[in-house]
Amino acid sequence: MTSPREDRLPLLSEDDRETAVRRLREAYADERVSHEEMDERLGRMLTAKTHSELASAVAGLPEESPATTSTITAAAGRIQRRGVWRVPRILKVESAFGKVRLDLSRAVIEHAVVDIELLLGTGGARITVPRDAIVDVEGLRTGWKDLRYTARRPSRPGGPKIRISGAMEFGRLKIRHARR
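A brief structural summary. (Residues numbered from 1 in each chain as written. Predicted model: local features only at pLDDT ≥ 70, side-chain atom pairs only at ≥ 80, totals over all residues. Heavy atoms only, no water.)

Grouped together as the largest cluster of nonpolar side chains are 28 residues, with contacts concentrated most on Leu104, Ile116, Leu118, Ile164 and Leu173. Only β1 (69–74), β4 (90–97), β5 (99–103), β7 (113–122), β8 (125–129), β9 (134–142), β10 (161–170) and β11 (173–177) provide two or more residues apiece to this core. Per-element accounting of this core gives the leading share, 4 residues, to β7. Ranked by size, the runner-up nonpolar core spans 13 residues in total, among them Leu12, Leu24, Ala27 and Met45. (Core = buried A, V, L, I, M, F, W, Y, C linked by side-chain atoms within 4.5 Å. Buried < 20%, exposed > 50% of the residue type's maximum accessible area, 1.4 Å probe, protein only. Helix = DSSP H or I, 4+ residues; strand = E, 2+ residues; numbered from the N terminus.)

Right, here's the structure in full:
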């Protein structure tokens, strides 16, 4: 039963619902909620009629981070990130011609899962991941040369999961784990 105060509140907007669903998807991608919990919360979000019903469905989820996606674009030349730099939750790298060098070995990685989307024409890419990272390359499509990566077991638990996806037309991707 709704209170008289809730009856006077405006109905939920699609933006309210979309924001809640986006927060849930982010929490699921970061492995903060299980598949079953995601299904249950999603059902509550989609059927919520009042703001309090929606609020109870998002209770306990992390706040949405405004700077979760970053895009690096270059028509030609080199794209390079190394040393201490903050890795966003989703990193999109686009280059028509040129080399890409991403070194995450000393980077600040605040997310349990990092998605790197490569959209490369010609030129190679080299990504150095932390020693304890788990790398998933299932979503990457290569055109001309195969991927060079040998999966290894993490030396200690709790490392980030790096998911690499996208497309590389004429170039090779080399992935290596940092030594330290």
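What follows deals with the sheet that holds β9. With parallel pairing, the 5 strands of this open sheet are ordered in space as β1-β4-β7-β10-β9. In this open sheet, the two strands that pair with only one neighbour each are β1 and β9. On average, each strand axis in the sheet is tilted by 10° relative to the strand beside it, whichever way the strands run. In this sheet, β4 lies alongside β1 in parallel orientation, the contact comprising 6 bridges. By the bridge assignment, isoleucine 72 is partnered in β4 with valine 93. (Pairing = 2+ DSSP bridges. Axes fitted to C-alpha atoms, helices over the stretch in contact; angles between N-to-C directions.)

Under the criterion given, the structure shown has 6 salt bridges. Taking the shortest distance from any N to any O, the salt bridge between arginine 89 and aspartate 115 comes out at 2.7 Å. Taken together, the positions of arginine 89 in the loop between β3 (86–87) and β4 and aspartate 115 in strand β7 put the pair 26 residues apart, joining distant regions of the chain. Taking the relative accessible area as the measure of exposure, arginine 89 reaches 5% and is therefore buried. (Salt bridge = Lys/Arg side-chain N within 4 Å of Asp/Glu carboxyl O.)

Within the span of helix α4 (residues 51–58), buried status applies to Leu54, Ala57 and Val58. Taken end-on, α4 shows its buried residues confined to a sector of 90°, consistent with a single buried face. (Arc of directions from axis to C-beta.)

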